[in-house]
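Coordinates in review
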Amino acid sequence: MISKKDEAINTILSDFEAFANLLLSQLDLLEKDINSDEEKLSNTCHKEILENEKKLDKLEVKISDKIVNTIALYQPVASDIRKLIACYRIIISLERVGDMVVNILGHIENVKGTPVFEHLLDVVSTMLMQASNMVNKALLAFTTDDREYAIWTIKNDTVVDEINHKMLKKAIKKSSTSKEDKEMLTNFMSMNGMVTNIERIADHATNIAEAAIYSIEGKDIRHVKNVE
């Protein structure tokens, strides 16, 4: 017969799975909208992302409360506590990723359809795809206790940084062959804001991967330079 402690932990993990899947769907919606042929942001997509963000906020509070209550009421063993603490750390990072998605949405609304957006779309799209993949792999590391997924995520954080630098170089190269005007500068600021938020998503994916390793091995590898 399943104990109340195990039942509480299973409920938390079930809620966590729903939370994670909703966040991943947010990234999918964002990626779809960035790569769509429409010159303007899809109203349907915009509305769905904003509605999902409200759900994510509520789920974060719900799961956090359940984690605290479970630890206080049932005094779980060390391995369970690690799992719950890792889960708590991950949902904080996921909630912040959700905020980044909304931020990026605002930048897309400002810049989509402009020459700057079209010129840098391939770089931004690649960067978002890589960051989304990192989040997905990091979550798999936690849910399947797969250390290799976690290590892959941590090591790929520098890839997103490199893509960001590539975008900046591409923009500078373009600006050197044509006259800068106020509109182009404004659009580039939106593009830069967009990729900065994507880069932060990758950073949070790394945080999730580190939490997964803590859950699997009981090791806190935050601030460790070389992880194998």
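Just so you know, the residues in each chain are numbered from 1, in the order the chain's sequence is written. In view of the model being predicted, local features appear only for residues whose pLDDT reaches at least 70, and side-chain atom pairs are presented and counted only at 80 or more, with totals across whole chains, interfaces and linings using the full set of residues. Only hydrogens and water are set aside; all other atoms, that is, all heavy atoms of the structure, feed into the side-chain values.

**Examining the overall build of the protein chain**
Condition: Counting from the N terminus, the helices are the DSSP runs of H or I reaching at least four residues and the strands are the DSSP runs of E reaching at least two. Residue contacts are defined here by distance: any two heavy atoms, one from each residue, within 4.5 Å place the two residues in contact. Note on areas: Shrake-Rupley, 1.4 Å probe, and residue coverage restricted to the protein chains presented here.
Secondary structure assignment for the protein chain yields seven helices and zero strands. Going from the N terminus to the C terminus, the protein chain shows its helices and strands as α-α-α-α-α-α-α. Within the protein chain, contacts between residues separated by at least 24 positions form 85% of all contacts whose residues are at least 6 apart in sequence. Summed over all atoms, the accessible surface of the protein chain reaches about 12,000 Å², with 52% contributed by carbon and sulfur.

**What about the pattern of salt bridges?**
Cut-off, in case you're wondering: Any Lys or Arg side-chain nitrogen found within 4 Å of a carboxyl oxygen on Asp or Glu counts as a salt bridge. In this scheme, a residue with accessible area under 20% of its type's maximum is buried, one over 50% is exposed, and one in between is partly exposed, where area comes from a 1.4 Å probe on protein chains only.
Inspection of the entire model under this criterion finds seven salt bridges. Notably, a salt bridge pairs Lys66 with Asp15, separated by 2.6 Å at the nearest N-O pair. Taken as a pair, Lys66 in helix α2 (residues 43-74) and Asp15 in helix α1 (residues 4-35) lie far apart in primary sequence, 51 residues in all. On the accessibility criterion, Lys66 (25% relative accessible area) is partly exposed.

**Topic: a negative patch on the surface**
Note the cut-off: Residues forming no salt bridge and having over 30% relative accessible area are the ones grouped into patches, like charges within 9 Å of each other and nonpolar side chains (Val, Leu, Ile, Met, Phe, Trp, Tyr) within 5 Å. Only four residue types enter the tally: Lys and Arg on the positive side, Asp and Glu on the negative side; His and the chain ends are excluded. To locate a charge, take NZ of a lysine, CZ of an arginine, CG of an aspartate or CD of a glutamate.
Among the surface-exposed residues, Asp37, Glu38, Glu39 and Glu118 lie close enough to one another that they form a single negatively charged patch. Examined against the element boundaries, Glu38 turns out to sit in the loop between α1 and α2. Exposure remark for Glu38: the relative accessible area of 47% places this residue in the partly exposed category.

**Details of the confidence of the model for the protein chain**
Applied cut-off: Confidence scores labelled pLDDT are given residue by residue by the predictor and lie between 0 and 100.
Per-residue pLDDT for the protein chain averages 84, and the proportion of residues at 70 or more is 83%. For the protein chain, the element scoring lowest by mean pLDDT is helix α6 (residues 157-175), at 61; α1 scores highest, at 94.

**Some thoughts on the nonpolar core**
To be explicit about the condition: Among buried residues, those of type Ala, Val, Leu, Ile, Met, Phe, Trp, Tyr and Cys that are joined through side-chain atoms within 4.5 Å constitute a nonpolar core.
Within the largest apolar cluster, 62 residues are counted, with the highest numbers of intra-cluster contacts made by Phe16, Ile34, Leu94, Val135, Leu139 and Met194. Within the residue set of this core, elements represented by two or more residues are α1, α2, α3 (78-111), α4 (115-144), α5 (147-155) and α7 (182-217). When neighbours within four sequence positions are excluded, Val135 is seen to be in contact with Leu23, Leu24, Leu27, Leu94, Ile201 and Ala205.

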